[in-house]
Amino acid sequence: MRIVQLNRERALNALDHHMISLIDHAFNEIEPSPNAATVLFRGLGRSMCAGGDVMSIVKAADNSDFHKRMHSSRFFEREIVQNYRVHTMREHSTELGHPKTYLGLWDGIIMGGGVGMTVHGPIRIATERTLFAMPETAIGYFPDVGLTHTFSRMDGGIGMYVGLTGERLNGADAYLTGFATHYMHSHAVEEMLRRISSLPMSTATHEENVVRALDEFTVNPFDDDENLAKNCVFLGDKRVALDFAFTRDTIEQVIAVLDDIAQRRQDSYTGEELAKRGLPAITEDVAAWASQTHATLLARSPRSLKVTFRAIREARDQTLAENMHANIRIATAFCDLSLGRDFHTGVMHVLGKDPKTGKRNAGIPKWEPSRLQDVSDEYLQTFFFSTEEKARKAGMQLKVPKLHLVPVTGKDRESRKAREQEMRGVGPLRWNSKWNKYALPSEAELAALHEGSHPASGSYVLEPAELLETIARYHNNKPGLRLKVQDWLDRRARLQQASP
């Protein structure tokens, strides 16, 4: 095993330019090595990685010197390239004759750039110490490092919810939703690492053997505390409300629906639609969640919310490589403060201190513009989602760095065929068996099984109990699977009963 460990403990292992360079050098040495079959990415102390060093980034973006301003977007360029290397490490190391399995250890705080350095690998391990979040909209930015691609493929409205709000997930929730692929107690981590690192080389070069060894230590997090499932927003009534709210067509509609739920307007369009989805009454618990979520979104940068919403929507039809190129394009627009200063304003507010009191700033940053309706679709299209050429003609000053190690989709027949294969899915929700294959089964996979297009499907439609047993066997009774699948079956049954 090769271990890449972040040692900037006092800064919660936040990534800076120097650390990105060290990671690059480490990967260059690790990929061709014949003496290791696994790679572990971890952090020292209570934080695996709290994200990128955004304070230095926005200070560079605010510099009067153009070349120094370019350092801000170049940080994201170098970071995104490493994120893509995580995704391709198995492929590249196999080409070099020494295949390796990449593991991310989320035993602590895991945010932003730390998520990017692990979520694109096959294995992410959560524990009871995990605190997962992508809080970029709170600092006037957007969830980059390929996370819009990940969010767009999560169950229901989960990805949009986590991406827009920056909601913090514990280890159990990270595992249930599929952000993490495994869950274990933190006291078992070192023994697990000794077990995997002691596998014979001939065994460890096969990824499935590494996963089997890891499975020996995994547990169901919801067995530890019955309140975890009871309070989980990704199960039951709250999940019904979440899915309806965060699958709307605009961010304005999302906020309006949340307000309806928070005010318990049962006779509104929202109330009627929730009833059709098996939620005939908006409970106090669901209303409290909606009220808090509504307040959270109103405190976020309007520009960030609109960019994030559209970026996640568009990511569903992008390959990861295409999404990485879209990410650096959007990141450059945020770093160009001539187009708007919310990124700088948000970082200085959240991470800076009030000069009068010497304490952390309170309240909401002074976003500009301060209202969603003042962020026009034309502005978004021109500066964040059009070509660089159009944006620069309209006034964007920074140049978009090139991601030289991230391939650009070709227009030839073979390239189109390869893209089609990567994007292909089966079933009504386009389940792709190669994406996130070691996590708990996604609802897209369950829908494919119910439809009959899953490898485990039989020649007839499965009854709920049969479907549960079939998927449990297919995934070797993975801990927590029955809780997740039963909740999906229950919500599906409620929907069918409520439908006329």
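Everything below is about the structure shown above.
All of the points below concern the structure found in this document.

Rules used throughout
- Numbers given for residues are sequential positions, taken from 1 along each chain in its written order.
- Confidence filtering applies because this is a predicted model: local features only for residues at pLDDT of at least 70, side-chain atom pairs given and counted only at 80 or more, and all residues used for totals across whole chains, interfaces and linings.
- Side-chain numbers here rest on the full set of heavy atoms in the structure, without hydrogens or water.
- Exposure categories follow from relative accessible area, calculated using a 1.4 Å probe and restricted to protein chains: below 20% of the type maximum is buried, above 50% is exposed, and the middle band is partly exposed.
- Helical segments are the DSSP runs of H or I of at least four residues, strand segments are the runs of E of at least two, and each set is numbered from the N terminus.
- A fitted line through C-alpha atoms serves as each axis, taken over the contacting stretch for helices, and the angle formed by two N-to-C directions is quoted from 0 to 180°.
- Relative orientations are named as follows: roughly parallel for angles under 35 degrees, roughly antiparallel for angles over 145 degrees, roughly perpendicular for angles from 65 to 115 degrees, and oblique for any other angle.
- Contact criterion: two residues are considered in contact whenever any of their non-hydrogen atoms come within 4.5 Å of each other.
- When residues are grouped by polarity, Ala, Val, Leu, Ile, Met, Phe, Trp, Tyr, Cys and Pro land in nonpolar, Asp, Glu, Lys and Arg in charged, and all others, Gly among them, in polar.
- Here the nonpolar core consists of buried residues drawn from Ala, Val, Leu, Ile, Met, Phe, Trp, Tyr and Cys, with membership extended through side-chain atoms lying within 4.5 Å.
- The criterion for strand pairing is that DSSP finds at least two bridges linking the strands in question.
- We count a salt bridge whenever a side-chain nitrogen from Lys or Arg sits within 4 Å of a carboxyl oxygen from Asp or Glu.
- Think of a polar contact as two N or O atoms within 3.5 Å of one another; within protein, one of them needs to be a possible hydrogen donor and the other a possible acceptor, and neighboring residues in sequence only count if both atoms come from side chains.
- The aromatic pairing rule takes the rings of Phe, Tyr and Trp, using the six-membered ring of Trp, and pairs them if the centres are within 6.5 Å, calling planes under 30 degrees apart stacked, those over 60 edge-to-face and the rest tilted.
- Either the NZ atom of lysine or the CZ atom of arginine qualifies as a charge over a ring when it sits within 6 Å of the ring centre and within 35 degrees of the ring normal.

## Remarks on helix α6 (residues 158–165)
- For α6, the buried fraction is high: eight of the eight residues fall into the buried class.
- Within the sequence span of α6, burial applies to Ile158, Gly159, Met160, Tyr161, Val162, Gly163, Leu164 and Thr165.
- Looking one or two residues past α6, Gly166 carries a phi angle of roughly 70°, positive in sign.

## Thoughts on the packing of helix α16 (residues 302–315) against helix α17 (residues 320–335)
- Two numbers describe how α16 lies on α17: the axes approach to 11 Å, and their chain directions differ by 170°. With respect to each other, α16 and α17 are oriented roughly antiparallel. Across the interface between the two elements, Arg303, Ser304, Val307, Ala311 and Ala315 of α16 pack against Asn323, Ile330 and Phe334 of α17.
- Along the lines of polarity and charge, the residues of the contact of α16 with α17 split into five nonpolar, two polar and one charged.

## Some details on the nonpolar core
- With 122 residues, the main nonpolar core has Phe179, Phe234, Phe246, Phe343 and Phe384 as its most contacted residues.
- Considering every element that reaches this core, the biggest residue donor is α17, with nine residues.
- If near-sequence neighbours (up to four positions away) are discounted, Phe384 is found in contact with Arg303, Val307, Arg329, Ile330, Ala333, Phe334 and Tyr379.
- Counting 21 residues, the second-largest nonpolar core is a separate cluster that includes Leu103, Met192, Val210 and Ala213.

## Quick word on the sheet that holds strand β9 (residues 182–183)
- The five strands lie next to each other as β1-β2-β4-β6-β9, forming an open sheet whose pairing is parallel. Both edges of this open sheet fall to β1 (2–6) and β9, since each of them pairs with a single strand only.
- Of the strand pairs in this sheet, strand β4 (residues 101–106) and strand β6 (residues 123–126) are connected by four bridges, and their pairing is parallel. What sits directly across from Trp106, in β6, is Ala126.
- The strands touched by helix α8 (residues 189–197) within the sheet are β2 (38–43), β4 and β6, with β2 carrying the most contacts at an inclination of about 160°.

## Let's talk about the pattern of salt bridges
- By the definition in use, this model includes 31 salt bridges.
- Where Arg8 meets Asp53, a salt bridge forms, and the shortest distance between an N and an O atom there is 3.5 Å. One end of the pair, Arg8, is in the loop between β1 and α1 (17–30); the other, Asp53, is in the loop between β3 (47–49) and α2 (54–61), and 45 residues separate them in sequence.
- Using a relative accessible area of 17% as the deciding quantity, one classes Asp53 as buried.
- As a salt-bridge pair, Arg42 and Glu190 come within 2.9 Å of each other at their nearest N and O atoms. Taken together, the positions of Arg42 in strand β2 and Glu190 in helix α8 put the pair 148 residues apart, joining distant regions of the chain.
- The exposure class assigned to Arg42 is buried, which follows from its relative accessible area of 14%.
- According to the relative accessible area criterion, Glu190 is partly exposed, its value standing at 38%.
- Each of Arg239, Asp243, Glu443, Asp487 and Arg491 takes part in salt bridges that share partners, so that together they form one network.

## Quick word on helix α12 (residues 236–245)
- In terms of burial, α12 is largely enclosed, as nine of its 10 residues are buried.
- Summarising the contacts, the buried residues of α12 are in contact with α6, α13 (251–262), α14 (269–276), α15 (284–299), α22 (443–451) and α24 (481–498).

## What to know about the sheet that holds strand β5 (residues 109–111)
- Overall, mixed pairing links the four strands, which are arranged β3-β5-β7-β8 in an open sheet. Every other strand in the sheet has two partners, leaving β3 and β8 (169–170) as the edge strands with one partner each.
- Two elements, strand β7 (residues 131–133) and β8, share two bridges in a ladder whose sense is antiparallel. When the sheet's bridge partners are listed, Phe132 is paired in β8 with Leu169.

## Here's the deal with the pairing of β4
- With respect to burial, β4 is a largely interior element, six of its six residues being buried.
- Covered by surrounding structure in β4 are Thr101, Leu103 and Leu105 together with Tyr102, Gly104 and Trp106, the residues of both alternating faces.
- Alignment of β2 against β4, held across four bridges, turns out to be parallel. What sits directly across from Thr38, in β4, is Thr101.

## What to know about the side chain of Asp155
- Mapped onto the elements, Asp155 comes out in the loop between α5 (147–151) and α6.
- Of the residues examined, Asp155 reaches a relative accessible area of 6% and is grouped as buried.
- Among the polar contacts made by the side chain of Asp155, one reaches the side chain of Lys484 at a distance of 3.0 Å.
- Look past the residues within four positions of Asp155 in its chain and what remains in contact with it is Arg239, Ser442, Glu443, Ala444 and Lys484.

## Things to note about the environment of Phe151
- Its location among the elements puts Phe151 in helix α5.
- Sequence separation between Phe151 and Ser370 is 219 residues; the distance between their C-alpha atoms is 26 Å.
- With near-sequence residues (within four places) excluded, Phe151 lies in contact with Met134, Pro143, Gly159, Val162, Gly163, Phe179 and Ile312.

## Let's talk about the packing of aromatic side chains
- Counted according to the given criterion, the structure contains 20 aromatic pairs.
- Centroid distance Phe151 to Phe179: 5.9 Å. Interplanar angle 85°. Geometry classified as edge-to-face. Here Phe151, found in helix α5, pairs with Phe179, found in the loop between α7 (171–177) and β9; they are 28 residues apart in sequence, far enough to count as distant. Accessibility assignment for this pair places Phe151 and Phe179 in one class, buried.
- Through a chain of ring-to-ring contacts, the aromatic side chains of Phe75, Phe76, Tyr141, Phe142, Phe334, Phe343, Tyr379, Phe383 and Phe384 assemble into a single cluster.
- Geometry around Phe385 places Arg310 over its ring, the cationic atom sitting 4.3 Å from the centre.

## Describing the side chain of Ser442
- The residue Ser442 is located in the loop between α21 (413–423) and α22 in this model.
- Owing to a relative accessible area of 18%, Ser442 belongs among the buried residues under this scheme.
- With residues up to four places along the chain from it excluded, the contact list for Ser442 reads Asp155, Trp431 and Lys484.

Coordinates in, geometry out; function isn't part of it.
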